[in-house]
Amino acid sequence: MGVNELTEYLKTAFEYKNNGDYKQSIDYFYKALAIDNDSTEIMIELASLYAKLCRYDRSISFYEQILQKKPNDNEAKYQFAHLLKNTKDFKRAEQILLDLYNSGFNIEETAQELFYILVCNKKYGRIITSFNKYSKELKDSSVLYYVALAHSELGNKNTAEEFFRKSFKGDEKNILPGIEIANMLLEKGQKDNARELALKLLKYAEDARIYYLLAEIEYSEGNIDNAIKYYSFAININPQKAQYYFKLALAFSLKGFFKEAEESYCKAINLDSTNETYNYALAYMYYITGKYDLAEKLNDWLYSLNPDNTQSLALKILILTENNNNQFVGRLIEKLEKAEDKDDFALYAQAMYYAKLNLWEKAADTIAEAIRINTSSPEYNYQLARFNFELGKT
């Protein structure tokens, strides 16, 4: 009678499982387990079903019971590690997968799981060491991609590119290595090749990173309208990436769309509130749009974090110069003049202060120095022309 009941319960459990009714299936597997309470096969089914229902605690409990009964069941270990990975318990998952990998179990699939965890934990050296052990057997695209990432993070650019290309295999459907190769082409200045590859990748995936890459290419070529379009596409797909909003804001600024730029800077900061670059850019946006109180408040906060930051110091000088606080600005100018890492913007701030004091020759010399660093700024060239006019020069 017990055997017949067990068979019937299992038959019904599998029927419910195959029809997607996991809760009913679990009920019948429990009835079967009550008859055959040492069956690890039934426990595996229950562990799998609980995982499908996102009842990870129950699933983990069953895998632990299974491995107590059958500690050498490598397939159960692999499934357990996969579950632990999905629940972000990387520490336990990594240890189990390392043991399986070193024993040679299911090398390709185990490597996929293990290398993913090692990338997440930034254990790049271990990825390379582990790969070298079975390098002849490991041909899977995702495995080679993780190896490429490891080399890239360790600064081995040539080797990284080699593995990205092995992973890509010339197949535009392999999106992730394709994106990395396109980025490498862009870094090398091969913009047309990078654009061509990115457009091919788009045929197979609407990926925010591809649109961002295209935006970067257009931005670098001065095609700001196209850059704005592609940055916007990237944001529509992934609205949680602060860098996308920041670069969109920069593009809006170049077009003179200051309201849109300010909104994009704010969105970037909402996602990454402590990023000094984003906050500084917003403070400068407030300054150039005449919102001096907001600019001063935000920049004072940045300046308090790092008083030696020449950008914040320069912006503080510009704001105080606008507010005619010449005495305090004079002390800041002395500090800025002693700074060794002055950029063109710091020199611009100095020049504007000198101009406020009608020190036209000093202003002209300083802004000319800024122009030597950044030859493409219309503002710098305009101010030089203004200063020269005041000096009676044509």
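Residues numbered from 1 in each chain as written. Predicted model: local features only at pLDDT ≥ 70, side-chain atom pairs only at ≥ 80, totals over all residues. Heavy atoms only, no water.

Enquirer: Which residues make up the layout of surface pockets, and what are the values?
Expert: By volume, the largest pocket is sized at about 900 Å³. As for the largest pocket, its lining consists of 26 residues, of which Ser253, Leu254, Tyr284, Ile288 and Ser377 are closest to the centre. Looking at the lining of the largest pocket, the elements with two or more residues in it are helix 15 (242–255), helix 16 (258–271), helix 17 (276–288), helix 19 (310–322), helix 21 (344–356) and helix 23 (378–390). In terms of residues, the lining of the largest pocket owes the most to one element, helix 17, which gives seven residues. Residues of the lining of the largest pocket, tallied by class, amount to 16 nonpolar, six polar and four charged. Considered as a void within the structure, the second largest pocket measures approximately 400 Å³ in volume. Along the wall of the second largest pocket there are 17 residues; nearest its centre are Ile179, Glu180, Asn183, Arg209 and Tyr212. (1 Å grid on protein atoms, 1.4 Å probe; cavity = no way out; pocket = protein on both sides within 12 Å on 5 of 7 lines; lining within 4 Å. Points joined across faces, edges and corners; volume = space filled by probe spheres on them. Helix = DSSP H or I, 4+ residues; strand = E, 2+ residues; numbered from the N terminus. Nonpolar A, V, L, I, M, F, W, Y, C, P; charged D, E, K, R; others polar.)

Enquirer: Describe the confidence of the model for the protein, naming the residues involved and giving the relevant values.
Expert: Per-residue confidence for the protein averages 92 on the pLDDT scale, and 99% of its residues sit at or above 70. Mean pLDDT across the secondary structure elements of the protein bottoms out at helix 20 (residues 326–338), with 79, and peaks at helix 14 (residues 224–237), with 98. (pLDDT = per-residue confidence, 0-100.)

Enquirer: Describe unusual backbone geometry, listing the residues and the values that go with them.
Expert: Positioned with a positive phi, Cys54 is a non-glycine residue whose angle comes to about 65°. In the Ramachandran plot, Asn358 falls in the positive-phi region, its phi being about 65° despite a non-glycine side chain. With respect to the element layout, Asn358 can be found in the loop between helix 21 and helix 22 (360–373).

Enquirer: If you had to explain the packing of helix 6 (residues 90–103) against helix 7 (residues 107–120) to someone new, which residues and values would you point to?
Expert: In contact at an axis separation of 9 Å, helix 6 and helix 7 are set at 145° when each is read in the N-to-C sense. When you trace helix 6 past helix 7, the crossing you get is left-handed. Within the contact between the two elements, helix 6 uses Phe90, Ala93, Glu94, Leu97, Leu98, Leu100 and Tyr101 and helix 7 uses Ile107, Thr110, Ala111, Glu113, Leu114, Phe115, Tyr116, Ile117, Leu118 and Cys120. Grouping the constituent residues of the contact of helix 6 with helix 7 by class yields 14 nonpolar, one polar and two charged. (Axes fitted to C-alpha atoms, helices over the stretch in contact; angles between N-to-C directions. Left-handed = near helix turned anticlockwise from the far one by under 90°. Contact = heavy atoms within 4.5 Å.)

Enquirer: Run through helix 8 (residues 124–133), naming residues and quoting values.
Expert: Those residues of helix 8 not exposed but buried are Tyr124, Ile127, Ile128, Ser130 and Phe131. Seen end-on, helix 8 carries its buried residues on one side only, within an arc spanning 165°. Among the exposed residues of helix 8, those oriented more than 90 degrees off its buried face are Thr129 and Asn132. On its buried face, helix 8 sits against helix 6, helix 7, helix 9 (141–153) and helix 10 (157–168). (Buried < 20%, exposed > 50% of the residue type's maximum accessible area, 1.4 Å probe, protein only. Arc of directions from axis to C-beta.)

Enquirer: Run through the packing of aromatic side chains, naming residues and quoting values.
Expert: This structure, assessed with the given rule, holds 32 aromatic pairs. Aromatic side chains Tyr211 and Phe233 sit 5.2 Å apart centroid to centroid with 65° between the ring planes, which places their arrangement in the edge-to-face category. Placement of the pair is Tyr211 in helix 13 (residues 208–220) and Phe233 in helix 14, with a sequence separation of 22 residues. By relative accessible area, Tyr211 is classed as buried at 9%. By the ring-pair criterion, three or more aromatic residues cluster together here, those being Tyr280, Tyr284, Tyr287, Tyr292, Phe345, Tyr348 and Tyr380. Just above the ring of Tyr116 sits the side chain of Lys85; from NZ or CZ to the centre is 5.0 Å. Directly above the aromatic system of Tyr230 lies the positively charged group of Lys229, at a separation of 4.9 Å from the ring centroid. (Phe/Tyr/Trp six-rings, centres within 6.5 Å; stacked < 30°, edge-to-face > 60°. Lys NZ or Arg CZ within 6 Å of the ring centre and 35° of its normal.)

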